[in-house]
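Each chain, written out:
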Amino acid sequence: MVATAYDPQVAAGGQGTSIPTGTGVAAALDRYPKGTQLEIKYQDGHTENRVVNDTGTFTYSNPNQLDISMTNSQAMQFGRQSIQVRVIG
């Protein structure tokens, strides 16, 4: 899969959001419904577990993409990269 990153606070345009930064991912909900627990393996080899808690307009054109929540400065460094995803719950 392909991963990009976003800061939910920035994406909400300063209007506030119930999605905590750095905790979840946005995904195509028909592929990964909200609450799905994922193990994500990054290009550098480290893994982490995340929960699907959001969706985005990108999912309509690319259901093979995840948007990973992190701070805006981390998101800028993350860029776009290939990841491996495994459903764990």
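Presented here is a report on the structure given in the accompanying data block.

Analysis parameters
- Residues numbered from 1 in each chain as written.
- Predicted model: local features only at pLDDT ≥ 70, side-chain atom pairs only at ≥ 80, totals over all residues.
- Heavy atoms only, no water.
- Helix = DSSP H or I, 4+ residues; strand = E, 2+ residues; numbered from the N terminus.
- Contact = heavy atoms within 4.5 Å.
- Areas by Shrake-Rupley, 256 points an atom, 1.4 Å probe, with all protein chains shown as cover.
- Pairing = 2+ DSSP bridges.
- Buried < 20%, exposed > 50% of the residue type's maximum accessible area, 1.4 Å probe, protein only.
- Salt bridge = Lys/Arg side-chain N within 4 Å of Asp/Glu carboxyl O.

Right, let's get into the overall build of the protein. For the protein, the helix and strand inventory stands at two helices and seven strands. For the protein, the sequential pattern of α-helices and β-strands runs β-α-β-β-β-β-α-β-β. A separation of at least 24 residues holds for 71% of the contacts in the protein among residues at least 6 apart in sequence. A total of about 5000 Å² of accessible surface is found on the protein, and carbon and sulfur atoms cover 47% of it.

Strands sit in the order 6-1-5-2-4-3-7 across an open sheet of seven strands; the sheet is mixed. The open sheet has two edge strands with one neighbour each: strand 6 (81-82) and strand 7 (84-87). Here strand 3 (residues 37-41) runs beside strand 7; their pairing, made up of four bridges, is antiparallel. The residue bridging Ile40 from the neighbouring strand is Val85, located in strand 7.

Attention shifts here to the environment of Gly45. By the secondary structure assignment, Gly45 is in the loop between strand 3 and strand 4 (47-54). Overall, Gly45 belongs to the partly exposed group, its relative accessible area being 39%. In this structure, the C-alpha to C-alpha distance between Gly45 and Ile83, residues 38 residues apart in sequence, is 9.4 Å.

Here we take up the pattern of salt bridges. One pass over the full model with this rule turns up two salt bridges. In this structure, Glu39 engages Arg86 in a salt bridge whose closest nitrogen and oxygen atoms are separated by 3.2 Å. Of this pair, Glu39 sits in strand 3 while Arg86 sits in strand 7, and the two are 47 residues apart along the sequence. In this structure Glu39 comes out as partly exposed when scored by relative accessible area, which is 24%. One salt bridge in this structure joins Arg50 and Glu48, with 3.0 Å as the shortest N-O distance.

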